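Descriptive structure summary
Below are the chains, spelled out letter by letter.
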Amino acid sequence: MRTFSIMMILGGCLFISINADAQLPAVREGNKYYREGNFEEALKAYDKAVTTNPADPTAMYNRSNALVKKGDASAALGGYEEVIEKGKDKKLTQQSWYNKGVVHQQGKELDKSIDAWKIALKLDPEDKQARENLQKALREKKQQQQQQPKDQQQKQQEQQKPQPQQSKLNQKQVEQLLKALEQKEKEIQKKLQQKGPGVNRPEKDW
């Protein structure tokens, strides 16, 4: 199934794919508006498609992508959760986890982005973009952990204040994950060299 993909830099790499073989006319209409950058009209079309066929995850996924473009992160995350819960399309499920990671990263929720990209990579071990983003997030987490001892006394004085949720990963676990990801990258590159040129990502629309 051919898809259109858009790769953007918005504080992180956001992967958005639009299904070009959608059965519902409303989805095709929404895709047209999306590619034109008219996200308001795209949302209207996707809303119509969701109402017409709520069991199809494509419209909800595309609707969430349009919400990301409009800056409505909370609503977009809710839409990705619906796609994941339905689990009818493995590709859309994997991309929903990937996009959740990007949205969390943009919202400075590093731990949540790490968790989302780990699941996305588990669903598709050859997702190079998910691996790279996870590696960057883990390195950032490691830097934060190295900085913590320097600020430990000050933080102890502020223990009574509400603290943001911390990742359960300790520094050793972060380092182990990074090594595992780097090893996986080497294995995939070796496999690709043996097979010859290939395409890991859907064809880019622009």
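Rules behind the numbers
Residues numbered from 1 in each chain as written. Predicted model: local features only at pLDDT ≥ 70, side-chain atom pairs only at ≥ 80, totals over all residues. Heavy atoms only, no water. Phe/Tyr/Trp six-rings, centres within 6.5 Å; stacked < 30°, edge-to-face > 60°. Helix = DSSP H or I, 4+ residues; strand = E, 2+ residues; numbered from the N terminus. Buried < 20%, exposed > 50% of the residue type's maximum accessible area, 1.4 Å probe, protein only. Axes fitted to C-alpha atoms, helices over the stretch in contact; angles between N-to-C directions. Parallel < 35°, antiparallel > 145°, perpendicular 65-115°, else oblique. Left-handed = near helix turned anticlockwise from the far one by under 90°. Contact = heavy atoms within 4.5 Å. Nonpolar A, V, L, I, M, F, W, Y, C, P; charged D, E, K, R; others polar. Core = buried A, V, L, I, M, F, W, Y, C linked by side-chain atoms within 4.5 Å. Salt bridge = Lys/Arg side-chain N within 4 Å of Asp/Glu carboxyl O.

Topic: the packing of aromatic side chains
When we look at a pair of aromatic rings, we describe it by the centre distance and by the angle of the planes. What the rule picks out here adds up to 3 aromatic pairs. Measuring from ring centre to ring centre gives 6.0 Å for tyrosine 61 and tyrosine 80, while their planes differ by 55°; the resulting arrangement is tilted. Within this pair, whereas tyrosine 61 is found in helix H3 (residues 57-70), its partner tyrosine 80 is found in helix H4 (residues 73-86), the two being separated by 19 residues in sequence. By relative accessible area, which is 0% here, tyrosine 61 ends up buried.

Some thoughts on the packing of helix H1 (residues 25-36) against helix H2 (residues 39-52)
Running from N to C, H1 and H2 cross one another at 165°; their axes reach a closest spacing of 8 Å. Compared by their axis directions, H1 and H2 come out roughly antiparallel. For the crossing formed where H1 meets H2, the hand is left-handed. Every residue of H2 that contacts H1 at Ala26, Val27, Glu29, Gly30, Asn31, Tyr33 and Tyr34 is listed here: Phe39, Glu41, Ala42, Ala45, Tyr46, Lys48 and Ala49. Classifying every residue of the contact of H1 with H2 by side-chain character gives 9 nonpolar, 2 polar and 3 charged.

Regarding the nonpolar core
Val27, Tyr34, Tyr46, Ala49 and Tyr80 are the most contacted members of the largest nonpolar core, which totals 22 residues. Put simply, the parts of the chain that give this core at least two residues each are H1, H2, H3, H4 and helix H5 (90-106). Residues contacting alanine 49, with those up to four places away along its chain left out, are Leu24, Ala26, Val27 and Ala59. Among the nonpolar cores identified, the runner-up in size contains 18 residues, and Leu110, Leu169, Val174 and Leu178 belong to it.

Thoughts on the pattern of salt bridges
When their charged atoms lie close together, side chains carrying opposite charge are able to pair. Applying the stated criterion across every chain yields a total of 11 salt bridges. Residues glutamate 109 and lysine 112 are paired through a salt bridge, measuring 3.6 Å at the closest nitrogen-oxygen approach. Residue classification places glutamate 109 among the partly exposed residues on the basis of a relative accessible area of 32%. For lysine 112, a relative accessible area of 40% gives the class partly exposed. One salt bridge connects aspartate 111 with lysine 141, and the closest N-O pair in it is separated by 3.2 Å. In this pair, aspartate 111 sits in helix H6 (residues 110-123) while lysine 141 sits in helix H7 (residues 128-147), placing the two residues 30 residues apart along the sequence.

Regarding the packing of H3 against H5
Contact geometry for H3 and H5: axes closest at 11 Å, N-to-C directions at 15°. In this view, H3 runs roughly parallel relative to H5, as classed from their interaxial angle. At the point where H3 passes H5, the crossing takes the left-handed sense. Contacts between H3 and H5 pair Pro57, Thr58, Tyr61, Asn65 and Val68 from the former with Leu92, Gln95, Ser96, Asn99 and Val103 from the latter. Looking at the contact of H3 with H5, its residues break down into 5 nonpolar, 5 polar and no charged.

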